[in-house]
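# Structural features, examined
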Amino acid sequence: MHTAVPGYGLAPPSKDDALAFLARGVGADEAASVWVRACRESGVPVDARDLGPEPMMKVSEWLSRQTGVVGVIGSSLVVRLRTYRLLTANRGGANRD
Amino acid sequence: VTDSVSISERVHSPSRLAAIAALGLNHPRLDDVLQELVNEAADGLNLPIGLVTVVLDGAQVFAAQRGLAGWVAEAGGTPVEWSFCAHSVDSREAFVVEDATVHPLVRHNPMVTLEGVRCYAGIPLITRDGEVLGNLCVVGTESRTFSEDDLNLLRGLARRAMERIESRQP
């Protein structure tokens, strides 16, 4: 479990967050299939219950390279993960994978 | 999510996100024209920061920036709930903050409480099809007022930014 950065209230996006973002953008069915493909292409376990920031970044970067709304959602996830990583590093590296 | 921004359905609109994707704006690239416009904005209003932002569904990214440093510059954007510009996506109008420490929509925003933002003025970037992409904006670290002339200057720059964005290849 990765806690929020103190003061900023920012937790890294989880697998459930990503699936929810995708479902809102492209519908639940397509979201599920895109997620499976993204995990496979990124070398991340498809059925992991949750993913830490580093595997989430791999999946998000793959999503960000896709066309259309999926790419936009992937770019959002990348920025959120990058922000979390930078703020965490500034505070001594707690919660890193 | 704090009360720094109420994320509206407009921010998450699939048609708006599709417009951003079609213009290739989720992967900002160096653009001399947009860079010149944010330079003009910051210089014209005598503020340290000028930006062209694109508000995605969960984050904003900077299509051009002048004056950012540290983690914000390195991240290339922020989570959307910290985005002042997202307010314009919601309202489709200019968003102006003269003293962020007392403004009800942003006073608890970490960009104010921890990063020192004190004033902001942004003009929405609206496509020919009516989708709000983000803002052309200026940001400062001291409270100040913005005149109608200030906002007109930003409106002119935002218009030129949209002409540039819609004229280039994605």
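Located above this text is the structure these notes cover.
Residues numbered from 1 in each chain as written. Chains lettered and ligands numbered in written order. Predicted model: local features only at pLDDT ≥ 70, side-chain atom pairs only at ≥ 80, totals over all residues. Heavy atoms only, no water.

## Here's the deal with the overall build of chain A
Along chain A, the regular secondary structure elements total 4 helices and 0 strands. Each helix (α) and strand (β) of chain A, taken in turn from the N terminus, gives the series α-α-α-α. Against the globule reference of 13 Å for 97 residues, chain A gives a C-alpha radius of gyration of 13 Å, in line with a compact fold. Taking the intrachain contacts of chain A between residues at least 6 apart in sequence as the baseline, contacts between residues at least 24 apart amount to 54%. On chain A, roughly 4,700 Å² of surface is accessible, and the fraction owed to carbon and sulfur atoms is 48%. Here chain A contributes 12 positive and 10 negative side-chain charges, whose respective centroids are spaced 6 Å apart. (Helix = DSSP H or I, 4+ residues; strand = E, 2+ residues; numbered from the N terminus. Rg over C-alpha atoms; globule rule 2.2 N^0.38 Å. Contact = heavy atoms within 4.5 Å. Areas by Shrake-Rupley, 256 points an atom, 1.4 Å probe, with all protein chains shown as cover. Lys, Arg positive; Asp, Glu negative; His and termini not counted. Charge placed at Lys NZ, Arg CZ, Asp CG, Glu CD.)

## Here's the deal with the interface of chain B and chain A
Tallying the contact residues gives 27 residues for chain B and 22 residues for chain A. Summing both partners gives a buried area of about 2,000 Å² for chain B against chain A, and 65% of it is carried by carbon and sulfur. On the chain B side of the contact with chain A, D57(B), W71(B) and A75(B) bury the most area, a combined 24% of that side's loss. Our count for the contact surface shared by chain B and chain A stands at 1 salt bridge. The shortest N-O distance in the salt bridge between E81(B) and R80(A) comes to 2.8 Å. Our count for the chain B to chain A interface comes out at 11 residue pairs in polar contact (both at pLDDT 80 or more). (Buried area = accessible area lost by both parts, 1.4 Å probe. Salt bridge = Lys/Arg side-chain N within 4 Å of Asp/Glu carboxyl O. Polar contact = N/O pair within 3.5 Å; in protein donor to acceptor, adjacent residues only side chain to side chain.)

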